[in-house]
Amino acid sequence: MVADPDGTTRWEALVVEHRGSYYPSLAVQAAKLAMVVPDVGVKLDFGHALVMGAVAVPVDPRSRMLIDYAGPAGTFRYLPAVDVLAGLMRPDAVRDRIVFLGASAAAIYDLRVTPLSAVLPGVEKHANVAANMLSGRFLRRPDWVDPGTVGMRRVETATVISTNNNPSWNIYPNLVTPIDPSGCPFLPLALQVEQRVV
């Protein structure tokens, strides 16, 4: 996983190649097991999709997916390790759930900047990726977007004009097209804001 040039983690590598073999990421393996998909039910169509059973995860030419973060840090439930080790956790707290074990301490250096959080533990990034796969809800970059010119293009412009002579704001949705399986678009993951005086 490599952050974008602005330091924000938006992508997850779903497979890693080593000596001609491809290995799934932690989130892919967890989602595959939760969906009860056999190994032969997982196919990688390079540059298009990672197919797991009935779910097709859109990927870029580097076999990465855009992460649709559910929210800021803390959106997913955390269980303190001390409670688990002390036997204070009820078994039904994790029954029929995917559980990722990880640290959230700053000294571990496994913290990420995301579009929704300045500090997100890496373990919660894995939870977001697995949740995307289980829900079938993905972000997709339009085919017509050239990644080399993303910073130079503007797609839609929505102008919000204030009624009390304050500056107005032009809001340019990030060049990521969110796709909902039901076909209904939802709000972009990030906005670029440009101020102008009216």
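See the structure above.
Let me sum up the structure you'll find in this document. (Residues numbered from 1 in each chain as written. Predicted model: local features only at pLDDT ≥ 70, side-chain atom pairs only at ≥ 80, totals over all residues. Heavy atoms only, no water.)

## Focus on unusual backbone geometry
One can expect most non-glycine residues to show negative phi and most peptide bonds to be in trans.
Working step 1: The backbone of Ser-63 sits at a positive phi, close to 60 degrees, despite the residue not being glycine.
Working step 2: Positive phi values are uncommon outside glycine, yet Tyr-109 reaches one of about 60 degrees.
Working step 3: With respect to the helices and strands, the residue Tyr-109 is situated in the loop between helix H2 (81-85) and strand E8 (111-114).
Working step 4: Tyr-109 sits in the exposed class, given a relative accessible area of 72%. (Helix = DSSP H or I, 4+ residues; strand = E, 2+ residues; numbered from the N terminus. Buried < 20%, exposed > 50% of the residue type's maximum accessible area, 1.4 Å probe, protein only.)

## Comments concerning the nonpolar core
One broad trend across soluble globular proteins is that nonpolar side chains are buried collectively.
Working step 1: Within the largest apolar cluster, 21 residues are counted, with the highest numbers of intra-cluster contacts made by Leu-14, Leu-50, Val-57, Met-65, Val-129 and Met-133.
Working step 2: Put simply, the parts of the chain that give this core at least two residues each are helix H1 (26-34), strand E5 (49-52), strand E6 (55-58) and helix H3 (122-135).
Working step 3: Looking at this core, the element that brings in the most residues is H3, giving five residues. (Core = buried A, V, L, I, M, F, W, Y, C linked by side-chain atoms within 4.5 Å.)

## Description of the pairing of strand E4 (residues 42-45)
Working step 1: Here four bridges tie E4 to E5, and the two strands are oriented antiparallel to one another. If you follow Leu-44 over to E5, its bridge partner there is Leu-50.
Working step 2: Between E4 and E5, which pair antiparallel one after the other, the connecting turn spans three residues, and Gly-47 there sits at a positive phi close to 80 degrees. (Pairing = 2+ DSSP bridges.)

## Section: the side chain of Ser-63
Working step 1: Assignment of secondary structure puts Ser-63 in the loop between E6 and strand E7 (64-66).
Working step 2: The exposure class of Ser-63 is buried, given its relative accessible area of 6%.
Working step 3: Sequence-distant contacts of Ser-63, defined by excluding residues within four places in its chain, comprise Glu-12, Ala-13, Leu-14, Val-15, Leu-44 and Phe-46. (Contact = heavy atoms within 4.5 Å.)

## Considering the sheet that holds E4
Working step 1: Pairing is antiparallel across the open sheet formed by three strands, whose spatial order is E4-E5-E6. Looking at strand neighbours, the two that pair on one side only are E4 and E6, the edges of this open sheet. The average angle at which neighbouring strand axes cross in this sheet is 15 degrees, direction not considered. (Axes fitted to C-alpha atoms, helices over the stretch in contact; angles between N-to-C directions.)

## Structural notes on the pattern of salt bridges
Working step 1: Overall, the coordinates contain eight salt bridges when judged by the stated rule.
Working step 2: Measuring nitrogen to oxygen at the nearest pair gives 2.8 Å for the salt bridge that ties Arg-10 to Asp-4. Both residues of the pair, Arg-10 and Asp-4, count as buried.
Working step 3: The shortest N-O distance in the salt bridge between Arg-137 and Asp-68 comes to 3.7 Å. (Salt bridge = Lys/Arg side-chain N within 4 Å of Asp/Glu carboxyl O.)

## Quick look at the environment of Thr-8
Working step 1: You can see Thr-8 is positioned in the segment before strand E1 (11-13).
Working step 2: What makes Thr-8 buried here is its relative accessible area of 8%.
Working step 3: Contact partners of Thr-8, with chain neighbours within four places excluded, come to Ala-3, Val-113, Thr-114 and Pro-115.

## Brief notes about H3
Quick reminder: α-helices carry 3.6 residues per turn. Residues three or four places apart thus point the same way.
Working step 1: Here H3 contains 14 residues, and its C-alpha end-to-end distance of 20 Å stays within 8% of the 20 Å for a straight helix at 1.5 Å per residue.
Working step 2: Counted residue by residue, H3 has eleven buried out of 14 residues, so it is predominantly covered.
Working step 3: Here H3 has its buried residues at Gly-122, Val-123, Glu-124, Lys-125, His-126, Ala-127, Asn-128, Val-129, Ala-130, Asn-132 and Met-133.
Working step 4: Residue Gly-136 follows H3 closely and has a positive phi angle near 75 degrees. (Expected span 1.5 Å × (residues − 1).)

## Re the packing of H1 against H3
Working step 1: Between H1 and H3, the shortest axis-to-axis distance is 9 Å and the interhelical angle comes to 40 degrees. Here H1 is positioned oblique relative to H3, judged by the angle of their axes. In this structure, H1 meets H3 at a crossing whose hand is right-handed. Contacts from Leu-26, Ala-27, Val-28, Ala-31 and Ala-34 in H1 reach His-126, Val-129, Ala-130, Met-133 and Leu-134 in H3.
Working step 2: Of the residues in the contact of H1 with H3, the class split is nine nonpolar, one polar and no charged. (Parallel < 35°, antiparallel > 145°, perpendicular 65-115°, else oblique. Left-handed = near helix turned anticlockwise from the far one by under 90°. Nonpolar A, V, L, I, M, F, W, Y, C, P; charged D, E, K, R; others polar.)

## Details of the packing of aromatic side chains
Working step 1: Inspection of every chain in the model, using the stated rule, returns one aromatic pair.
Working step 2: A ring pair is formed by Tyr-22 and Phe-46, whose centres lie 5.4 Å apart and whose planes are at 65 degrees; its orientation type is edge-to-face. With Tyr-22 in strand E3 (residues 21-24) and Phe-46 in the loop between E4 and E5, this pair connects stretches of sequence that are 24 residues apart.
Working step 3: By relative accessible area, Tyr-22 is classed as partly exposed at 44%.
Working step 4: A cation sits over an aromatic face here: Arg-64 above Trp-11, 4.3 Å from the ring centre. (Phe/Tyr/Trp six-rings, centres within 6.5 Å; stacked < 30°, edge-to-face > 60°. Lys NZ or Arg CZ within 6 Å of the ring centre and 35° of its normal.)

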